[in-house]
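# Coordinate analysis (summary)
Now for the letters of each chain:
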Amino acid sequence: SYAQYIEKMAQTARSIHNIPLFVNAAMNSRDRKPGEYPSAGPLAHLIDIWNCGAPSIDLLAPDLYDKGFTSWTAQYKLHNNPLFIPEVRLRNNTVVHAFYVFGEHDAIGYCPFSIENGSDDPDGQPAKAYSKLKELMPLLTKHQGQGISNGLLFDKEDSQRVLYHDNLKIICRHSLTLPWNPQASSQEVWDEAGGILLRLGKNEYIIAGTGLVVEFEHKEENKEPKIQDLGEDGFLNQGGANFKKSTWNGTLRAGIGTVDEISISADGDFEYVRRLNGDQTHQGRHVRIDYGDFKILHVKLYEYK
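The notes below deal with the structure included here. (Residues numbered from 1 in each chain as written. Predicted model: local features only at pLDDT ≥ 70, side-chain atom pairs only at ≥ 80, totals over all residues. Heavy atoms only, no water.)

## Comments concerning the sheet that holds strand β3 (residues 84-88)
What counts is decided by this rule: Two strands qualify as a pair provided DSSP detects at least 2 bridges between them. The numbering of helices and of strands both runs from the N terminus, where a helix is a DSSP run of H or I of at least 4 residues and a strand a run of E of at least 2. Note on geometry: axes are C-alpha line fits, over the in-contact stretch for helices, and angles between N-to-C directions span 0 to 180 degrees. Residues are treated as being in contact if the distance between any of their heavy atoms lies within 4.5 Å.
As summarised here, the arrangement of the four strands in space is β1-β2-β3-β4, forming an open sheet in which the pairing is parallel. A single partner strand is all that each edge strand has here, and the edge strands are β1 (22-26) and β4 (109-112). Ignoring strand direction, the axes of neighbouring strands in this sheet form an average angle of 20°. Bridging between β1 and strand β2 (residues 59-64) involves five bridges; their strand directions are parallel. Across the sheet, the residue bridging to N24 is A61, located in β2. Each of β3 and β4 touches helix α4 (residues 95-105); the most contacted strand, β4, lies at about 165° to it.

## What to know about the packing of aromatic side chains
Spelled out, the test is: To pair, rings of Phe, Tyr and Trp, with the six-membered ring standing in for Trp, must have centres within 6.5 Å; the planes then decide the type, stacked if under 30 degrees apart, edge-to-face if over 60, and tilted in the middle. Any residue under 20% of the maximum accessible area for its type is buried, any over 50% is exposed, and the rest in between are partly exposed; the area is computed with a 1.4 Å probe on protein chains only.
Scanning all chains against the criterion turns up six aromatic pairs. With 5.1 Å between their ring centres and 75° between their planes, F22 and F84 make a pair best called edge-to-face. Taken together, the residues span a long stretch of sequence, with F22 in strand β1 and F84 in strand β3 at a distance of 62 residues. Taking relative accessible area as the criterion, F22 reaches 41% and is therefore assigned partly exposed. On the basis of relative accessible area, F84 is assigned to the buried category, the value being 16%.

## Comments concerning a nonpolar patch on the surface
We count it as follows: Without a salt bridge and with relative accessible area above 30%, a residue can belong to a patch; like charges are then joined within 9 Å and nonpolar side chains (Val, Leu, Ile, Met, Phe, Trp, Tyr) within 5 Å. Reported accessibility uses the Shrake-Rupley method at a 1.4 Å probe radius. Residues are deemed covered only where the shown protein chains occlude them. Any Lys or Arg side-chain nitrogen found within 4 Å of a carboxyl oxygen on Asp or Glu counts as a salt bridge.
A cluster of nonpolar side chains, Y2, Y5 and M9, forms an exposed patch at the surface whose accessible area comes to about 350 Å². Its place among the elements puts Y5 in helix α1 (residues 2-16).

## Topic: the layout of surface pockets
Here is the rule: The definitions used throughout rest on a 1 Å grid laid over the protein atoms alone, on which a cavity is an enclosed set of points accommodating a 1.4 Å probe that cannot get out and a pocket is an open set flanked by protein within 12 Å on both sides along at least five of seven lines; lining residues are those having an atom within 4 Å of a point. Grid points are joined across faces, edges and corners, and a volume is the space filled by probe spheres set on the points. Charged residues are taken to be Asp, Glu, Lys and Arg, nonpolar residues to be Ala, Val, Leu, Ile, Met, Phe, Trp, Tyr, Cys and Pro, and polar residues to be all remaining types, Gly included.
Reported here for the second largest pocket is a volume of approximately 530 Å³. Lining the second largest pocket are 23 residues, and of these K67, G68, H97, D155 and E192 sit closest to its centre. Residues that form the lining of the second largest pocket fall into these classes: nine nonpolar, five polar and nine charged.

## Notes on the pairing of strand β14 (residues 295-304)
Sheet topology places strand β9 (residues 204-210) next to β14; six bridges connect them, and they run antiparallel. Opposite I206, over in β14, you have H298 as the bridge partner. In the sheet, strand β11 (residues 253-264) pairs with β14 via eight bridges, with the strands oriented antiparallel. What sits directly across from E261, in β14, is L297.

## Thoughts on the sheet that holds β9
Pairing is antiparallel across the open sheet formed by six strands, whose spatial order is β5-β8-β9-β14-β11-β12. The strands lining the two open edges of the sheet, one partner per strand, are β5 (149-154) and β12 (270-275). Recorded for the sheet is a direction-independent mean angle of 30° between the axes of neighbouring strands. Inspection of the sheet shows strand β8 (residues 193-201) paired to β9 by seven bridges, in the antiparallel sense. For G195, the partnering residue across the bridge sits in β9 and is G209.

## Observations concerning the environment of G53
Of note, G53 is situated in helix α2 (residues 47-53). For G53 and L139, which are 86 residues apart along the polypeptide, the C-alpha to C-alpha distance reads 37 Å. When residues no more than four places from it in sequence are discounted, the contact partners of G53 are A3, Q4 and E7.

## A closer look at the environment of E87
To keep things clear, this is the line we draw: Whenever two N or O atoms come within 3.5 Å, that pair is a polar contact, provided that in protein one can donate a hydrogen and the other can accept it, and provided that, for residues adjacent in sequence, both atoms are side-chain atoms.
Structurally, E87 is set in strand β3. Between the C-alpha atoms of E87 and P112, which are 25 residues apart in sequence, the distance is 5.5 Å. Beyond its immediate chain neighbours, meaning those up to four positions away, E87 contacts N24, P62, D63, L64, Y65, C111 and F113. Within polar-contact distance, the side chain of E87 engages the side chain of Y65 at 2.5 Å.

## A few points about the pairing of β5
Moving residue by residue along a regular strand, the side chains alternate between the two faces of the sheet. Within β5, six of the six residues are buried, leaving the element largely enclosed by the surrounding structure. Burial of the side chains of β5 extends over both faces: S149, G151 and L153 are buried on one face and N150, L152 and F154 on the other. The sheet contact formed by β5 and β8 spans six bridges and is antiparallel. In the sheet register, L153 faces β8, and the bridge partner there is G194.

## Here we look at α4
With 10 of 11 residues buried, α4 is to be regarded as a mostly interior element. Buried residues of α4: V95, V96, H97, A98, F99, Y100, V101, F102, G103 and H105, and no others. A positive backbone phi angle near 50° is found at D106, which sits one or two residues after α4.

See below:
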């Protein structure tokens, strides 16, 4: 009944201004029952009913203030419902969610509530993050809907994601998982880290965001034994209790060729800032962006035996 009422409003509105129309919904994320607030809005489990009752509405959009961000967004990115987020809780690191939805769900909009009351410090997280997102827009819109990008969003409980592209296994993690990072053991709760991984072509990627570590393995690569005894620099402790000599039987491997920090022009052209050195890629073991920094990295890989 509520959807049918909105449909009448939508028809009237469109007769005056023929513009896209959306209805936003507060999530039922606090175990509220039907009849309690929020009720009858376009909740995830009612999307089909709303599409039937209000066909003139172009977008059904989630308000996201509670936990479960990745689950809720996945339920609203549908073949007939592009993801638009008209409201999300304003926090200092809310911006990492924006990277996630643009990379994972080809989102068409992301709007922190009352963003004008947030920090406008040019060195603060919101300003730095949105500056990088603005640079990324020509690239993201060019490749939108092609299924070649992923969003990354990590905290202490959900600190890793494994992706597969071509013949590559790509292990993406929160930067606090690095064994030499002292904040990992000193913080009960990790600030959320997030970003975008975009495949430009075989062995060529864009990685953007903050607080990320990305490793690349070839699917055929002979896996080394899992080593727990690592020094603070992440290298094996020679002679440690769990030390095992790794072996390699000549299978194909993936290596990191170059990692360049870049900026992107309004036309989508890459402008190179600097090339990262061996320490900055852990001698070719991974690509990383430290937490608090927001960067765009252009990564080229190679294969070897």
